[in-house]
Amino acid sequence: MTLPRIDHTHEPSLTSWVASANGHADFPIQNLPLGVFSPQGAQPRIGVAIGDSVLDLAAIASLLPEAMQPAAGQSSLNALFALPPEDRTLLRRRLSQLLSDEAHRRDVETALHPLSEVTLHLPARIGDYTDFYVGIHHATNVGKLFRPDNPLLPNYKYVPIGYHGRASSVRPSGEPVVRPRGQRKAPNADVPVFEPSARLDYELELGIWVAQGNALGTTIPIGEASEHIAGLSLLNDWSARDLQAWEYQPLGPFLAKNFHTTISPWVVTAEALAPYRIAQPARPEGDPAPLPYLLDAQDQAQGALSLTLSVWLSSAKMREEGRAPLRLSQGPASNMYWTLAQIVAHHASGGCNLNPGDLLGTGTISGPTPDSYGSLLEITEGGKNPFTLPTGETRSFLQDGDEISITASAHAPGRASIGFGECRAVILATPA
Ligand code: MN
């Protein structure tokens, strides 16, 4: 497996002539995430976030390596994702040089736009979106609600469980979520009703962006799978639990999940994440080893990431009163039973073709304790234990006007921290 290497672009002492980048919590020069933005009134184009600004790649295309110039002029990242991984490393090194070396400032500075003045779009045309279920504490917690004695089904420790989601309703951070109407049936009711969901929830996930794909009928060997990952975003898989409970058997999630999915618009590249790779946690004693097609020594040694994930809630009343958002949970991303590479290798293992710009959700990432649970279903135990907001309001599931924000930072000893930007959306009432 060829993982991106740590190089001079990751040096913690490296600074940018873009002053706001130095010490920036999300976008210091060690990050250089890619996205798609439009300046006011202009067409979408590719950019890289640096501090409080975004650099227009099309405007500086002549300064980039020649192989990247056509891809840099597009209005989505699909063509950049389709390049060989070595090209993306070259792009990162060049961007790092342009933004750190004062000698390039005169040529580059005019292509910067304040982030506060641009619109951020989906980073890629998403051909297909798949959602997995690799958060083992989430799977256990949710399983316990239904099967207290036997929370994990027997396939869980062999198969990276997933389902095919809906690409058309994936939206960038900031776009409001309309509460879905749907069928739900109370446990002691004879028939369902068709009404707005009363148990609307979020799911804290990472989104994997597929880089180069594979042809139909071919596979992606586990030892090569990390080369097929362009980068990561944050992902909120909004979930209507009451609709889900009624519709999910026997074919799995459908309308309970497909009404909206929010992602953070910046792609933190696999190259940027190189310093934060850690070993995949050892499986508990007695668990089966992954089958050979999912097992790679280097992936086990370096296939997890040192990320801290947080979820924040702010109700309409909290915002009116000028209160800060309430942190609902915080925890590491290392509670995934399967690695990102295993997710990719499994998806293609039967010959399914992945394409550049496909999006793969990890599944809800919960830690072992309630302060690190990644959904309200777990935090309130299916709604049985509501919690209180600073305004005195209570919540078991989301109310109209509630805003959920997911944030993340990557950290490693002796390294700069980098972040993902925001993955945020507010809930709107179901239209009459
Ligand atoms: Mn999910």
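This one's a predicted model, so the numbers in the text were calculated from it and none came from an experiment.

## Notes on the pattern of salt bridges
- Under the counting rule described, the total for this entry stands at 19 salt bridges.
- Residue Arg45 pairs with Asp56 through a salt bridge whose shortest N-O separation is 2.7 Å. Here Arg45, found in strand S2 (residues 45-50), pairs with Asp56, found in strand S3 (residues 53-56); they are 11 residues apart in sequence, far enough to count as distant.
- Between Arg395 and Asp402 there is a salt bridge, with its nearest N and O atoms 2.7 Å apart.
- What makes Arg395 buried here is its relative accessible area of 6%.
- Salt bridges linked by common partners bring Asp201, Glu203, Asp237, Arg241 and Lys257 together as one network.

## With respect to the domain arrangement of the chain
- Along its sequence, the chain is carved into domain 1 (8-120) and domain 2 (129-428).
- Taking only C-alpha atoms into account, the centre of domain 1 sits 28 Å from that of domain 2.
- Counting from both sides, the interface comprises 30 residues of domain 1 and, opposite them, 28 residues of domain 2.
- Overall, the association of domain 1 and domain 2 removes approximately 2,200 Å² of surface from exposure, summing both partners, and the carbon and sulfur fraction of that is 63%.
- For the pair domain 1 and domain 2, the interface holds one salt bridge.
- One salt bridge connects Glu271 with Arg88, and the closest N-O pair in it is separated by 3.7 Å.
- At the junction of domain 1 and domain 2, the tally comes to nine residue pairs in polar contact (both at pLDDT 80 or more).
- Those elements that provide at least two residues to the side of domain 1 that touches domain 2 are strand S1 (34-39), S2, helix H2 (78-81) and helix H3 (85-100).
- With four residues, the single largest contributor to the side of domain 1 that touches domain 2 is H3.
- Counted by class, the side of domain 1 that touches domain 2 contains 18 nonpolar, eight polar and four charged residues.

## Section: the sheet that holds S3
- The strand order across the open sheet formed by five strands is S4-S3-S2-S1-S5, and the pairing between neighbours is antiparallel. The open sheet has two edge strands, strand S4 (112-114) and strand S5 (118-121), and neither has a second partner. Strand-to-strand twist of the sheet, defined as the mean angle between neighbouring strand axes without regard to direction, takes the value 45°.
- Alignment of S2 against S3, held across four bridges, turns out to be antiparallel.

## Here we look at the packing of aromatic side chains
- The final tally for this structure, using the stated rule, is five aromatic pairs.
- Centre to centre, the rings of Phe27 and Trp266 are 6.0 Å apart; their planes meet at 65°, and the pair counts as edge-to-face. Of this pair, Phe27 sits in the segment before S1 while Trp266 is found in the loop between strand S16 (261-263) and strand S17 (268-269), placing the two residues 239 residues apart along the sequence.
- Judged by its relative accessible area of 5%, Phe27 is buried.
- Given the relative accessible area of 3%, Trp266 is considered buried.
- Where Phe81 meets Trp209, the ring centres are 6.2 Å apart and the plane angle is 40°; that geometry is what we call tilted. On the criterion of sequence distance, the pair formed by Phe81 in helix H2 and Trp209 in strand S13 (residues 204-210) is long-range, its members being 128 residues apart. Accessibility assignment for this pair places Phe81 and Trp209 in one class, buried.
- Grouped by ring-pair contacts, the aromatic residues Tyr133, Tyr156, Tyr337 and Trp338 constitute a single cluster.
- Against the face of Trp338 rests Arg283, its NZ or CZ located 4.5 Å from the ring centre.

## Section: the coordination of the manganese ion
- Binding of the manganese ion to the protein goes through Asp131 (OD), Glu203 (OE), Glu205 (OE) and Asp237 (OD), at separations of 2.1 to 2.2 Å.
- Mapped onto the sequence, the residues coordinating the manganese ion show the spacing D-x71-E-x1-E-x31-D. One end of the pair, Asp131, is in strand S6 (residues 129-132); the other, Glu205, is in strand S13, with 74 residues separating them in the sequence.

## Side note on unusual backbone geometry
- Between Gln249 and Pro250 the backbone carries a cis peptide bond, its omega angle lying at 10°.
- Here the phi dihedral of Leu32 falls at roughly 60°; this positive angle occurs in a residue that is not glycine.
- With respect to the element layout, Leu32 can be found in the segment before S1.
- Under the relative-accessibility criterion, Leu32 is labelled buried at 3%.
- Its identity is not glycine, yet Glu381 carries a phi of approximately 50°, on the positive side.
- Among the structural elements, Glu381 can be located in the loop between helix H10 (376-379) and strand S23 (387-388).
- Looking at Glu381, the relative accessible area reads 39%, which means it is partly exposed.

## Some points on a nonpolar patch on the surface
- Together, Tyr158, Leu291 and Tyr293 give the surface a local cluster of nonpolar side chains, amounting to about 270 Å² of exposed area.
- Its location among the elements puts Tyr293 in the loop between strand S18 (277-278) and helix H7 (297-302).

Calculation criteria
Throughout this document, residue positions are counted from 1 along each chain, in the order its sequence is written. A pLDDT threshold of at least 70 governs which residues receive local features in this predicted model, and a stricter bar of 80 or more applies before side-chain atom pairs are shown or counted, although totals over entire chains, interfaces and linings include all residues. Note that water and hydrogens are dropped before the side-chain values are worked out from all heavy atoms of the structure. Just to be clear on terms, a salt bridge is a Lys or Arg side-chain nitrogen sitting within 4 Å of an Asp or Glu carboxyl oxygen. By definition, any uninterrupted DSSP run of H or I lasting at least four residues is a helix, any uninterrupted run of E lasting at least two residues is a strand, and each is numbered from the N terminus. The buried label applies to any residue whose accessible area, calculated with a 1.4 Å probe on protein chains only, is under 20% of its type's maximum; exposed applies above 50%, and partly exposed to all values in between. The split into domains, and so the bounds of each, comes from an automatic or database assignment of domains. In this description, contact between two residues means that some pair of their heavy atoms is separated by no more than 4.5 Å. Buried area is understood as the total, over both parts, of accessible area removed when two parts are fitted together, assessed with a 1.4 Å probe. Whenever two N or O atoms come within 3.5 Å, that pair is a polar contact, provided that in protein one can donate a hydrogen and the other can accept it, and provided that, for residues adjacent in sequence, both atoms are side-chain atoms. Here the term charged refers only to Asp, Glu, Lys and Arg, the term nonpolar to Ala, Val, Leu, Ile, Met, Phe, Trp, Tyr, Cys and Pro, and the term polar to all other amino acids, Gly among them. Strand pairing is defined by DSSP finding a minimum of two bridges between the two strands. What counts as an axis is a line fitted to C-alpha atoms, over the stretch in contact for a helix, and the angles between N-to-C directions run from 0 to 180 degrees. Two rings from Phe, Tyr or Trp (for Trp, the six-membered ring) form a pair when their centres sit within 6.5 Å of each other. Planes less than 30 degrees apart are called stacked, planes more than 60 degrees apart edge-to-face, and all others tilted. Counting as a charge over the ring demands two things of the Lys NZ or Arg CZ atom: a distance within 6 Å of the ring centre and an angle within 35 degrees of the ring normal. We call an atom a donor if it is N, O or S and sits within 2.8 Å of the metal, or 3.2 Å for Na, K and Ca. Water is not counted, so some sites may look partial. Patch building starts from residues that exceed 30% relative accessible area and form no salt bridge, then joins like charges within 9 Å and nonpolar side chains (Val, Leu, Ile, Met, Phe, Trp, Tyr) within 5 Å. Per-residue accessibility takes into account occlusion by the displayed protein chains alone, with areas from the Shrake-Rupley method and a 1.4 Å probe.

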